[in-house]
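Geometric and topological summary
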Amino acid sequence: MSAPNPTPAQAQAQAEAMHKPMADAIRVLAMDAVEQAKSGHPGMPMGMADVATVLFGQFLKYDPAWPDWPDRDRFVLSAGHGSMLLYAVLHLTGYADMTMDQLRRFRQLGSRTAGHPEHGLTSGVETTTGPLGQGLGNGVGMALAERALAARFGADLVDHRTYVVAGDGCLMEGLSQEAISLAGHLRLARLIVLFDDNRISIDGPTALTTGDDQVKRFEASGWRAERVDGHDPKAIAAALARAQDSDRPSLIACRTVIGFGAPTKAGSEKSHGAPLGKDEIAGARAKLGWNLPPFELPAATVAAWRAAGARGASASAAWKARHARADAATRAEFDRRLRGDAPAGLDAAIARHKEQLAKTAPKVATRKASELALEAIQPLMPELIGGSADLTGSNNTKVKGMAVLSRDSYGAGYVHYGVREHAMAAAMNGMALHGGVVPYGGTFLVFTDYCRPSIRLAALMKQRVVYVMTHDSIGLGEDGPTHQPVEHLAALRAIPNLAVFRPCDAIETAECWALALARRGGPSVLVLTRQDVPAARLSHVADNLSARGGYELAPAKGAARATLLATGSEIAIALEAQAALQAEGIGARVVSLPSLELFAAQDQAYRRQVLGEAPARVAVEAGIRLGWDGLLGARGGFVGMSGFGASAPYPELYRHFGIAAAAVVEAAKAQL
C-alpha cells in the first residue's frame, strides 16, 4: 500500500530541509546530460537550480499525475536554451513521460528532450521557447487568458498564476519591452517573472552590451520589482510570497552565478553554451559533495522531489470536486471552451450570412467583409478575444457589442494592443496555448514582418491563432511602398503549417473565417484589401468552396484555351480579362485560389481538374511571382509585381505597374 501524499505544509517543510540536495540534483543532471550529448547549455540550469527548487517545491501549483489540469499554474522557460532545467525538474517531480532515459537522450533524434523545449513533445512544456523573449510574450498571453476566463467562470474554476523564467537575452530583445508594457498596463497581477540575473551572455559579461537597470525598467512599466540573492532559498521564497500578494505583475531579479558549482567555469561565458568537460564536471561533483556517477540520484533526494510533485494532488482533487459541483450549463460551456469545440449554431450562422451576401452582392473591401463575418460569428463565440495593434478602424476587427478588455474589465473581448505587433502575436500564442480562448488580432500585412517570429512559432506549435492582415497590396494606395506589401504573401506561404487565405469577395471572406476557426492544428492569416472589390460569387452555394483552396469560379464559354488563376482583389481583373478573351473568341476560365496551401494539399486528380488542360495559363496577383511557378508550369505567364510599389491613388498604381486585364489577355495570347 502506497504512502499517502504529504500535505502541502509537510511537502514545503521537506523541500526546505532538503533544498541543497534537491537543487544539486538539477545541477548534476544538467551537466551530465549536456556532457553526454556533447551539446547544450549547462550554465543556466546550474545557476537557476535554487530558484527552480523553491518554485516547484513550495509555490507552483501543478500535478504531474494530471499534467493538463486546467487550473494548474503555467510555467514558461523563456530562456529556452536552459532546457535541462525544465527537463530535470519534470523528471524529478514525477512526470511519467520524462524518464531518466529521456535525460540520457538529451538533444537526440526522436527524444522528448529537444535542445530547446518543444510544446507537444512532452507534458509539462507549456510552450516552445528558444527564440529569446518569445516565452515572456507567451506568458503575458497566458496571464491574460487566465483573467478572461476567471471573469467568466469565477475563481472556483479559474484561479492560477503564470511564472516565467527569463534571462538577460530575453530582456534585451525588443519584444520584451512591448510585452512588459502591455502586462503592466493591463495590471496582470497573476504574472510573475523570475529574471536570471547572471550578467553573462555568449560573448561574455553583459556589461559589453547593456547597463540597463531592469528593476527600474519594469517599475516604469507598472510592475512590482525587486532584487534577491538567487542562491538564498529563504530570500527567494519570501520574494515569491510577496509577488503572489501583489496587485501588479511582478519581477524578481534573481542574482545568480551561471554554472554554479563548476570550479573554474562558474560565473563565466565558458559555462553558457558548451559542455563543461569531464575534468570540470569531476571538480563540480567534488565541490557540491556529489559522489554518485552520472544519471544516478540519492533515494532521499528523489523522495523529496516526488513529495514536492505530489504536493498538488490535493489541490487538483479539490478542483475536480468544484468542477463536478458547478451547474451543468456552466460546466458544459467551460469544458467546451477548453476542448476548443465550435459552439452550436456556428455553421448555420455562417451559412445564413453567406446566403444573405449572395442576395445583396455587396461591393466592399474584404477587410469590411471580415467585419461582417465577425458580426455573424462573434455573438456565438464568446471565447473569441480580438484585437488590433492600434489599427482597429483600419483592420475592422472590433464589431458591435464587443467591449474593451482592461484592468477593470477582464471579461471583455477586445484588446487594444497599441503599436506592439510583436507582443500581440506572442501574446496570442500564449492565449491559444493556455486554452479556453480563441485569439485573433490585426495589423497591416506589411507589418507581419514585426510578427513573423511568433507566427512561425504558432505554426511550429500547431496553435489556432488568426491573424487579420489588411492593406494587402499596392491597392492600399497613397501610403506608398513602405506600407505596400509585395513579397509578404510569398514569405508567409513559405512557413510550414501556416494557412494563408486571400479571399476575393465577401462570401469567400466568410468561408475563410470559417476555415480559420475550424483549423485547430495551426494558425491562419486572413489577407484582406483596403479597397472595395466587386462581388464575384453571385449565387448561394451551401458548400464551402474555399475549403479545398481553389475552385473554378467562372467556366469558359465553349472550349477553354486559357486558364486564369487569381486571388483576392485580382479576381476582378481575371474576370475582366476572361470577358475580353471570350469577346475575341478565345475561351477562358477563371480559377479562384484563396489558399495555395489548402489547394496543394488536395489530391492530384482534383488539382488537375481545377487547373485544367487549356494550353495557356496565367496567374494574376498584386505580389511577386515567387511561389506560383508550380502552378503555372514552364510556359505559364504571371501578371504582378517585380519590385516595390509607389505612392499614388491605387487605380493609378495598378495601371502604372501593368496589373490590368489587358496584360492578362496579352500573357494568355502569347502562349497560344
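Just above, that's the structure.
One structure accompanies this document, and this report is about it.

About the criteria used
Just so you know, the residues in each chain are numbered from 1, in the order the chain's sequence is written. Local features in this predicted model are restricted to residues of pLDDT 70 or higher, and side-chain atom pairs are both shown and tallied only at a pLDDT of 80 or more, whereas totals for entire chains, interfaces and linings draw on every residue. Each side-chain value is worked out from all heavy atoms of the structure, with water and hydrogens disregarded. Secondary structure elements follow DSSP: runs of H or I of four or more residues count as helices, runs of E of two or more count as strands, with numbering from the N terminus. The globule rule used for comparison is 2.2 Å times the number of residues to the exponent 0.38, while the radius of gyration itself is calculated over C-alpha atoms. For every residue, the accessible area (1.4 Å probe, protein chains only) is compared with the maximum for its type, and the residue is labelled buried under 20%, exposed over 50%, or partly exposed between those bounds. Residue contacts follow a heavy-atom distance rule, with two residues in contact if any of their heavy atoms lie within 4.5 Å. Accessible surface is estimated by sampling points in the Shrake-Rupley manner with a 1.4 Å probe; for residues, cover comes only from the protein chains shown. Nine residue types can take part in a nonpolar core, namely buried Ala, Val, Leu, Ile, Met, Phe, Trp, Tyr and Cys, and a core is a set of them joined through side-chain atoms within 4.5 Å. We treat two strands as partners when DSSP finds at least two bridges between them. Each axis is a line fitted through C-alpha atoms, and for a helix only the stretch in contact is used; angles between axes span 0 to 180 degrees, taken between their N-to-C directions. The term salt bridge refers to a side-chain nitrogen of Lys or Arg lying within 4 Å of a carboxyl oxygen of Asp or Glu. Take the number of residues in a helix, subtract one, and multiply by 1.5 Å to get its expected span. Here the bend at a residue means the angle between the axes of two seven-residue stretches, the one that ends at it and the one that starts at it. Under this scheme an angle from 65 to 115 degrees is roughly perpendicular, one under 35 degrees roughly parallel, and one over 145 degrees roughly antiparallel; angles in between are oblique. The handedness criterion is simple: a crossing whose near helix is rotated anticlockwise from the far helix by less than a right angle is left-handed, and one whose near helix is rotated clockwise is right-handed. All residues other than Ala, Val, Leu, Ile, Met, Phe, Trp, Tyr, Cys, Pro, Asp, Glu, Lys and Arg, Gly among them, are scored as polar; the first ten of these are nonpolar and the last four charged. Disulfide: a pair of cysteine sulfur atoms within 2.5 Å of each other.

A word on the overall build of the chain. Secondary structure assignment for the chain yields 27 helices and 20 strands. Computed over its C-alpha atoms, the radius of gyration of the chain comes to 28 Å, within 12% of the 26 Å expected for a compact globule of 672 residues. Across its three principal directions, the C-alpha atoms of the chain cover 90 × 55 × 50 Å. The buried share of the chain, reckoned over its 672 residues, is 61%. Taking contacts inside the chain between residues at least 6 apart in sequence as the whole, the part at least 24 apart equals 78%. Carbon and sulfur atoms make up 53% of the accessible area of the chain, which totals about 24600 Å².

Counting 131 residues, the largest nonpolar core has Met84 and Leu240 as its most contacted members. At 11 residues, helix α2 (residues 19-37) tops the list of elements feeding residues into this core. In this structure, Ala562, Ile586, Leu593 and Leu631 belong to the second largest nonpolar core, which totals 46 residues.

This paragraph deals with unusual backbone geometry. Of note, Lys38 is a non-glycine position whose phi angle comes to about 60 degrees, a positive value. As for its placement among the helices and strands, Lys38 is situated in the loop between α2 and α3 (43-59). The exposure class of Lys38 is exposed, given its relative accessible area of 55%.

Glancing now at the sheet that holds strand β18 (residues 588-592). Strand order across the open sheet formed by 5 strands is β16-β18-β17-β19-β20, with mixed pairing between neighbours. Only two strands of the sheet have a single neighbouring strand rather than two, namely β16 (551-554) and β20 (637-639). Averaged over all adjacent pairs, the angle separating strand axes in this sheet is 30 degrees, with direction ignored. Across 3 bridges, the pairing between β16 and β18 is antiparallel. Opposite Tyr551, over in β18, you have Ser592 as the bridge partner. Relative to the sheet, helix α22 (residues 570-583) contacts β16, β17 (562-566), β18 and β19 (616-620), its axis offset from that of β18 by approximately 170 degrees.

Here we come to the pattern of salt bridges. Per the counting criterion, the structure on display carries 31 salt bridges. A salt bridge links Asp32 to Arg285; its shortest N-O distance comes to 2.7 Å. Here Asp32, found in helix α2, pairs with Arg285, found in helix α11 (residues 278-288); they are 253 residues apart in sequence, far enough to count as distant. Side by side, Asp32 and Arg285 carry an identical accessibility label, which is buried. In this structure, the salt-bridge partner of Lys354 is Glu511, at a minimum N-O distance of 2.8 Å. With Lys354 in helix α15 (residues 346-360) and Glu511 in helix α21 (residues 506-518), the pair connects residues that are 157 residues apart, well separated along the chain. Neither residue differs from the other here; Lys354 and Glu511 are each classed as buried. Here the residues in one salt-bridge network are Lys20, Asp24, Arg27 and Asp50, joined through shared partners.

Attention now moves to α3. Because each turn of an α-helix spans 3.6 residues, side chains separated by three or four positions end up pointing in the same direction. Relative to the 24 Å expected for 17 residues at 1.5 Å per residue, α3 spans 24 Å between its end C-alpha atoms, a close match to the ideal helical length. Roughly 55 degrees is the biggest bend found in α3, and it falls at Ala49. Within α3, 17 of the 17 residues are buried, which leaves the element mostly enclosed by the surrounding structure.

Next up on the list: the packing of α3 against helix α10 (residues 233-244). As a packed pair, α3 and α10 sit with axes 10 Å apart at the nearest point and diverge in direction by 55 degrees. With respect to α10, the axis of α3 lies oblique. Helix-helix and strand crossings are classified by hand; for α3 and α10 the assignment is right-handed. Taken together, the residues of α10 that come into contact with α3 (itself represented by Asp50, Val51, Val54, Leu55, Gln58 and Phe59) are Pro233, Ile236, Ala237, Leu240, Ala241 and Gln244. Looking at side-chain class alone, the contact of α3 with α10 contains 9 nonpolar, 2 polar and 1 charged residues.

Now for the state of the cysteines. Counted under the stated rule, the structure contains 0 disulfides. The thiol of Cys170 is not disulfide-bonded; the next cysteine sulfur, from Cys254, is found 13 Å away. Given a relative accessible area of 0%, Cys254 falls into the buried group.

Residues Arg74 and Val76 line one face of strand β1 (residues 74-77) and the alternating positions Phe75 and Leu77 line the opposite face, and both faces are buried. As judged from the 4 bridges shared by β1 and strand β2 (residues 162-167), these two strands associate in the parallel manner. Bridge pairing in β2 links Arg74 to Thr162.

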